Amino acid sequence: MVWLYNNDGEISLTDHFHDKIPRYAILSHTWGPAAEEVTFEDIKGGIAEGKQGYAKIRFCGERARQDGIQYFWVDTCCIDKSNNAELAEAITSMFRWYQNAAKCYVYLSDVWTDNQVSLSLESLQLALQKSRWFTRGWTLQELIAPQSVEFFCSNCNPLGSKRSLEQPLHEITGIAVSALRGDKLSLFEVEERMSWAERRDTTREEDKAYSMLGIFDVSMAPIYGEGVENAFERLHDELLRREKKRAHDQLSAVLQPNFDSRKRLMTRRSESHAISSSCDPSHLNPQPRLYSKDSIHSIDAGTKQSLIDQLYFDKIDERVTSLTAAQGTTCRWFFTKSVYTSWYNVGQQPEHSGFLWIKGNPGTGKSTLMKLLFETAKLKGDSSQLTLSFFFLARGIAEEKSTTGLYRSLLHQLFQKVEELRDSLDWMTPDGARSIQRNQWHDAALKQTLAHAVQKLGSRSLMIFVDALDECNQGQAADMVCFFEELCGLAREAQVSLRICFSSRHYPTITIQKGVEVTLEDEAGHTEDMEQYIRLKLRLGTVKQAEPLRADILKRSSGIFLWVVLVIDILNGEYQRGLISPKQSRQRLKEIPPELSKLFEMIITRDGENPEQLQLCLRWVLFAARPLKPQELYFAIQLGLNKSYSSCWDQEDIDLDQMKSYVRSSSKGLAEVTRNKASEVQFIHESVRDYLLARKFSSQLPSSTMETL
C-alpha cells in the first residue's frame with residue numbers, strides 16, 4: 001500500500017512502511033474527466049499540480065494535517081493501475097483499507113455552500129440527495145467501512161459526520177442505521193445488502209459486483225472483460241461456498257461435544273473392563289431440536305417490546321402540551337354546534353363516515369380549538385373510549401412534521417392505553433420484525449400495524465384529533481387522508497366506532513369522500529370569542545372610552561385571532577408608555593394594516609430601534625438547524641453584536657427569566673419561549689415563519705457570530 005505524505009504542503013508518495021501501518025486518512029470522492037484526475041504517474045513525474053483533480057488531493061492532505069495526520073490515501077494516484085497485480089490487490093483490499101483509516105473525508109464536488117451559512121438538516125438533506133456521490137458503486141463501501149466519516153462540500157466547508165447525518169444518510173441510501181453505526185454486516189440478509197447498491201452504477205460494468213466484495217467479506221480476483229453477469233455469478237458462488245462452510249462448522253460444533261463425551265465414556269469403560277459389545281450408535285447422533293409452528297412464525301414478547309420502544313421519539317406530544325389553552329370560556333361554543341354533536345354521536349356516524357374537518361385562515365385559532373376538543377374528549381370519555389391526538393409542527397423535528405411521526409405517535413398512545421393491542425404486531429414474521437429493529441419503522445409497516453390494532457378494538461371506540469395538516473408535506477398529508485378513509489372502512493367492517501377530526505388552513509386542497517367541514521372564520525361563535533378576548537385584554541382608559549375601539553378592532557380583524565392578539569399588544573404597549581391616549585388609539589388603529597403579513601412588516605420596521613439585534617434574532621430562530629434554548633439565542637445575538645462579548649454566563653448578572661424577556665423584546669414579540677420542559681425559542685405562529693420566508697429574509701449571519709460560535 002502506497003501513501004501520500006504531506007510535508008509542509010509538499011505532497012509526495014511513500015511506501016516505507018511494511019509491518020507497522022501508519023495512522024492515515026483516506027479520501028472518498030467521485031471521479032471527474034479521466035484527463036483531469038491525478039494518476040500515480042503524475043505524482044511520480046511531478047506534474048500533478050497542473051491538473052484539476054489536484055485540488056481535492058490538496059484538500060485531503062490539508063484536512064489530514066489539521067487532524068494531526070501526516071499520511072493519506074487517494075485512489076486516483078495511490079494505485080499503479082498499469083500493474084495488474086497491484087490493481088487486483090487494491091480491489092480486494094479496498095474495504096479493509098477504508099475500514100482501517102483513522103479518518104475518511106468525503107469530498108462532494110457537486111455540493112456548494114455559502115461560507116457564512118449553516119444549513120438546516122432539512123436543507124442539507126435536499127443538497128445531499130442530489131449529489132452524484134450517492135449514485136456511485138464504490139462509494140457504498142466507502143460510507144459503510146470507516147468508523148469516522150466526515151462530509152465536505154466543494155468549497156471545503158464541513159457538512160457533518162456519518163453520525164450527525166445518520167438519519168438523512170439512511171433516508172437517502174436505504175442503508176440501515178445500525179449498519180451505518182458499525183454493526184457487523186453479517187447480521188444483515190444478503191438481499192438487504194444487495195438492495196443498498198440497487199440504484200448505484202459504476203464506470204466498468206464488472207465493478208458493480210467487485211464493489212460489493214467488502215460488503216460480503218468475500219475475496220475474489222477481478223477479471224475485467226468477463227461481463228457483469230459472470231462477475232455476479234462468481235460472487236454468488238463464493239457466497240454459497242461460504243454458507244456451506246458455515247453450516248458445516250455449525251454442525252461440527254453440535255456433533256463434536258457428543259462425540260467427545262462418547263469417546264471419554266468408552267475409554268472409562270475400557271479401563272474398567274466393562275465395555276459393552278453392543279454399543280447403541282444412536283448415542284453419537286444429537287437429538288434434533290424441536291420447533292413449534294408458532295415459534296417459527298410469530299415474534300416473542302421481547303421483540304414486541306423492542307418494536308414498541310422504537311415508536312417513541314423525542315418531543316412526542318410536546319406540541320399539544322406547549323400550546324396555550326383557550327382563554328376564559330372561548331371556544332366552548334363549538335361543543336353545542338350541531339355539526340360537532342352529530343360527529344361526536346356514534347349513532348349518527350353513517351351521515352359523515354366519522355370525518356370532521358375544521359378549516360380556517362392562518363391565525364384563526366384552529367390549534368387552540370383542537371387542543372380544547374382533544375383534552376375535553378379525553379377527560380369526558382369513559383374507559384371504553386380511546387382518544388388520541390397528533391399536532392403537526394412545521395418548525396419541529398422530522399417526526400413532528402411527517403406522517404411517519406404521526407403513525408408512530410398514534411401507535412405509541414394505543415399500546416400505552418391497551419396492552420392487549422400489542423398482538424396487532426403478530427402479522428410480522430420474526431425476520432420482518434428484526435428488519436424493523438435494525439432499520440427503524442417505515443410508513444408501510446406502521447399503517448399495517450395501525451389497521452390491525454383498530455380492527456382489534458372490539459367494543460371500544462376510537463377518536464383521533466389531527467391538527468395542522470398544512471404543516472406536513474402535501475403529498476404525505478394526502479396519502480394519510482386516503483389511508484384514514486380506508487381505516488374507517490375497515491373499522492366499519494369490524495363494527496368498531498372510529499371518528500377522526502382534522503384541522504388545517506384552506507390549503508393544501510385535499511378532499512374526503514364523505515364528511516363534514518367547518519370554516520372557523522365564518523362562525524358566529526368564533527366572532528364572539530374574539531369579542532370576549534378584546535374585552536378581557538384591551539387596557540385603554542375607562543370601559544366607555546374603550547368601547548368604540550373594541551368594535552373597530554373586531555371589524556378590521558377579518559376573523560384572524562392572531563391579528564387581534566398582536567394589535568392589542570401594540571395598543572396596550574403604546575398606551576402604557578404614554579405614546580397614545582384613548583382618543584388617539586382609534587386613529588392609531590387605522591394606521592395598522594388589516595393584513596397579517598403587512599402587520600408583521602410594520603412590527604419589524606415600526607420604530608427602527610436595534611435593527612441589527614432584531615435581524616440577528618429573527619435569522620437565528622428562522623435558520624437554526626434545531627430549536628434554540630433562550631440562553632443560546634441570547635449569547636448568539638450578543639456575540640453577533642460584539643465579537644469580544646464574554647460567552648461565559650454570569651447568572652448573577654442576568655438570569656434565565658431575563659433572557660426569556662430578552663427573546664420577546666429582541667424579536668419585537670414575534671418569538672416566544674415554549675412553556676414546557678424543553679423551554680425552546682419558537683415563532684409565536686407558523687405564519688411568522690411563512691412571512692419571513694416569503695420575504696426572502698436573508699439567512700446570512702455576520703461572520704463574527706459564526707466564527708465565535
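Residues numbered from 1 in each chain as written. Predicted model: local features only at pLDDT ≥ 70, side-chain atom pairs only at ≥ 80, totals over all residues. Heavy atoms only, no water.

(A) Seen up close, the overall build of the protein. Counting its secondary structure elements, the protein contains 30 helices and 14 strands. A buried classification covers 48% of the 709 residues belonging to the protein. In the protein, 71% of the contacts between residues at least 6 apart in sequence involve partners at least 24 apart. Looking at the protein as shown, the accessible area adds up to about 35600 Å², and 49% of this sits on carbon and sulfur atoms. (Helix = DSSP H or I, 4+ residues; strand = E, 2+ residues; numbered from the N terminus. Buried < 20%, exposed > 50% of the residue type's maximum accessible area, 1.4 Å probe, protein only. Contact = heavy atoms within 4.5 Å. Areas by Shrake-Rupley, 256 points an atom, 1.4 Å probe, with all protein chains shown as cover.)

(B) Quick look at the nonpolar core. If you look at the biggest cluster of nonpolar residues, it comprises 72 residues, and the most contacted ones within it are Leu-4, Ile-57, Trp-73, Tyr-105 and Phe-151. Once you skip the residues sitting within four places of it in the chain, Tyr-105 turns out to touch Ala-25, Ile-26, Leu-27, Ser-28, Phe-59, Cys-60, Arg-63, Ala-64, Asp-67, Ile-69, Glu-150 and Phe-152. (Core = buried A, V, L, I, M, F, W, Y, C linked by side-chain atoms within 4.5 Å.)

(C) Focus on helix H16 (residues 366-380). In this model, H16 (15 residues) spans 21 Å end to end at C-alpha, consistent with the 21 Å of a helix rising 1.5 Å per residue. Those residues of H16 that sit buried are Lys-366, Ser-367, Leu-369, Met-370, Lys-371, Leu-372, Leu-373, Phe-374 and Ala-377. Next to the buried residues of H16 lie helix H14 (318-322), helix H15 (338-344), strand S8 (355-359), strand S9 (385-391), strand S10 (461-467) and strand S11 (497-504). (Expected span 1.5 Å × (residues − 1).)

(D) Spatial organisation of the packing of aromatic side chains. In total, this model carries 28 aromatic pairs according to the counting rule given. Taken together, a centroid distance of 5.7 Å and an interplanar angle of 65 degrees make the contact between Phe-188 and Trp-196 edge-to-face. Residue Phe-188 shares its accessibility class with Trp-196, and that shared class is buried. Taking the centre distance of 5.6 Å and the plane angle of 50 degrees together, the rings of Phe-600 and Tyr-691 count as tilted. In this pair, Phe-600 sits in helix H25 (residues 596-605) while Tyr-691 sits in helix H29 (residues 686-694), placing the two residues 91 residues apart along the sequence. Judged by relative accessible area, which is 1%, Phe-600 ranks as buried. Judged by relative accessible area, which is 10%, Tyr-691 ranks as buried. An aromatic cluster is present here, built from Trp-333, Phe-334, Phe-335, Tyr-340, Trp-343, Tyr-344, Phe-374 and Phe-465 joined pairwise through their rings. (Phe/Tyr/Trp six-rings, centres within 6.5 Å; stacked < 30°, edge-to-face > 60°.)

(E) Structural view of the sheet that holds S8. Read from one edge to the other, the open sheet built from 5 strands follows the order S9-S10-S11-S8-S12, with strand pairing classed as parallel. The sheet is open, and its two borders are formed by S9 and strand S12 (516-519), each paired with just one other strand. Pairwise comparison of adjacent strand axes, ignoring direction, gives a mean angle of 15 degrees for this sheet. As paired strands, S10 and S11 are joined by 6 bridges and run parallel to one another. What sits directly across from Leu-462, in S11, is Leu-498. Taken strand by strand, helix H17 (residues 403-417) contacts S9 and S10, and its axis lies near 150 degrees from that of S9. (Pairing = 2+ DSSP bridges. Axes fitted to C-alpha atoms, helices over the stretch in contact; angles between N-to-C directions.)

(F) Quick look at the side chain of Ser-679. Here Ser-679 is to be found in the loop between strand S13 (671-673) and strand S14 (681-683). Here Ser-679 is in contact with Lys-629, Pro-630, Lys-660, Val-673 and Thr-674, once residues within four sequence places are set aside.

(G) Molecular detail of the pairing of strand S5 (residues 103-107). For S5, the tally of buried residues reaches 5 of 5 residues, placing the bulk of the element in the interior. Burial along S5 is two-sided: Lys-103, Tyr-105 and Tyr-107 facing one way and Cys-104 and Val-106 facing the other are all buried. Here strand S3 (residues 24-28) pairs with S5 via 4 bridges, running parallel. The residue bridging Ile-26 from the neighbouring strand is Cys-104, located in S5. In this structure, S5 lies alongside strand S6 (residues 149-152), joined through 4 bridges in parallel fashion. Residue pairing across strands places Val-106 opposite Phe-151, the latter belonging to S6.

(H) Local environment of the pattern of salt bridges. Per the counting criterion, the structure on display carries 31 salt bridges. In this structure, Glu-166 engages Arg-181 in a salt bridge whose closest nitrogen and oxygen atoms are separated by 2.5 Å. Separated by 15 residues along the polypeptide, Glu-166 in helix H7 (residues 166-173) and Arg-181 in the loop between helix H8 (177-180) and helix H9 (190-195) bring together distant segments of the chain. Ionic pairing is found between Asp-431 and Arg-434, a salt bridge with its closest N-O pair at 2.3 Å. Within this pair, Asp-431 and its partner Arg-434 are both found in helix H18 (residues 430-439), separated by 3 residues, close to a single helical turn. The network of salt bridges with common partners includes Arg-163, Glu-166 and Arg-181. (Salt bridge = Lys/Arg side-chain N within 4 Å of Asp/Glu carboxyl O.)

(I) Highlighting the environment of Glu-523. Following the sequence through the fold, Glu-523 ends up in the loop between S12 and helix H21 (524-537). Taking relative accessible area as the criterion, Glu-523 reaches 16% and is therefore assigned buried. With 190 residues separating them along the chain, Glu-523 and Trp-333 place their C-alpha atoms 9.8 Å apart. Look past the residues within four positions of Glu-523 in its chain and what remains in contact with it is Trp-333, Lys-337 and Val-518. A polar contact is formed between the side chain of Glu-523 and the side chain of Lys-337, at a distance of 2.8 Å. (Polar contact = N/O pair within 3.5 Å; in protein donor to acceptor, adjacent residues only side chain to side chain.)

(J) Structural detail: unusual backbone geometry. Phi angles above zero are rare outside glycine, and Asp-317 is one such case at about 65 degrees. Looking at the secondary structure, you find Asp-317 in the loop between helix H13 (301-309) and H14. Here Gln-495, not a glycine, exhibits a phi torsion of approximately 60 degrees, which is positive. As for its placement among the helices and strands, Gln-495 is situated in the loop between helix H20 (474-493) and S11. The exposure class assigned to Gln-495 is exposed, which follows from its relative accessible area of 71%.

(K) Focus on the sheet that holds S5. Spatially, the 7 strands line up as an open sheet ordered S2-S1-S4-S3-S5-S6-S7, and their pairing is mixed. Either end of the sheet is taken by a strand with one partner, and the two such strands are strand S2 (10-14) and strand S7 (158-161). With direction set aside, neighbouring strand axes in the sheet form an average angle of 30 degrees. Looking at chain direction, S3 and strand S4 (residues 71-73) are connected through 3 bridges and run parallel. Following the sheet pairing, Tyr-24 is matched in S4 by Tyr-71.

(L) Broad picture of the packing of helix H26 (residues 611-623) against H29. As a packed pair, H26 and H29 sit with axes 11 Å apart at the nearest point and diverge in direction by 105 degrees. Judged by the angle between their axes, H26 and H29 are roughly perpendicular. On the side of H26, the interface is formed by Leu-618, Val-621, Leu-622 and Phe-623, while H29 contributes Arg-689, Leu-692 and Leu-693. A breakdown of the residues in the contact of H26 with H29 according to their chemical character gives 6 nonpolar, no polar and 1 charged. (Parallel < 35°, antiparallel > 145°, perpendicular 65-115°, else oblique. Nonpolar A, V, L, I, M, F, W, Y, C, P; charged D, E, K, R; others polar.)

(M) Spotlight on helix H24 (residues 582-591). Taken residue by residue, H24 has Pro-582, Ser-585, Arg-588 and Leu-589 as its buried positions. One side of H24 holds all its buried residues, which, seen down the axis, span an arc of 105 degrees. For H24, the exposed residues set more than 90 degrees away from the buried face come down to Lys-583 and Lys-590. (Arc of directions from axis to C-beta.)

(N) Structural context of the packing of H25 against H29. H29 packs onto H25 with a crossing angle of 80 degrees between their chain directions and a minimal axis gap of 10 Å. Taken as axis vectors, H25 and H29 run roughly perpendicular relative to one another. Touching Leu-596, Ser-597, Phe-600, Glu-601 and Ile-604 of H25 are Ser-687, Val-688, Tyr-691 and Leu-692, all from H29. For the contact of H25 with H29, the residue count by class is 6 nonpolar, 2 polar and 1 charged.

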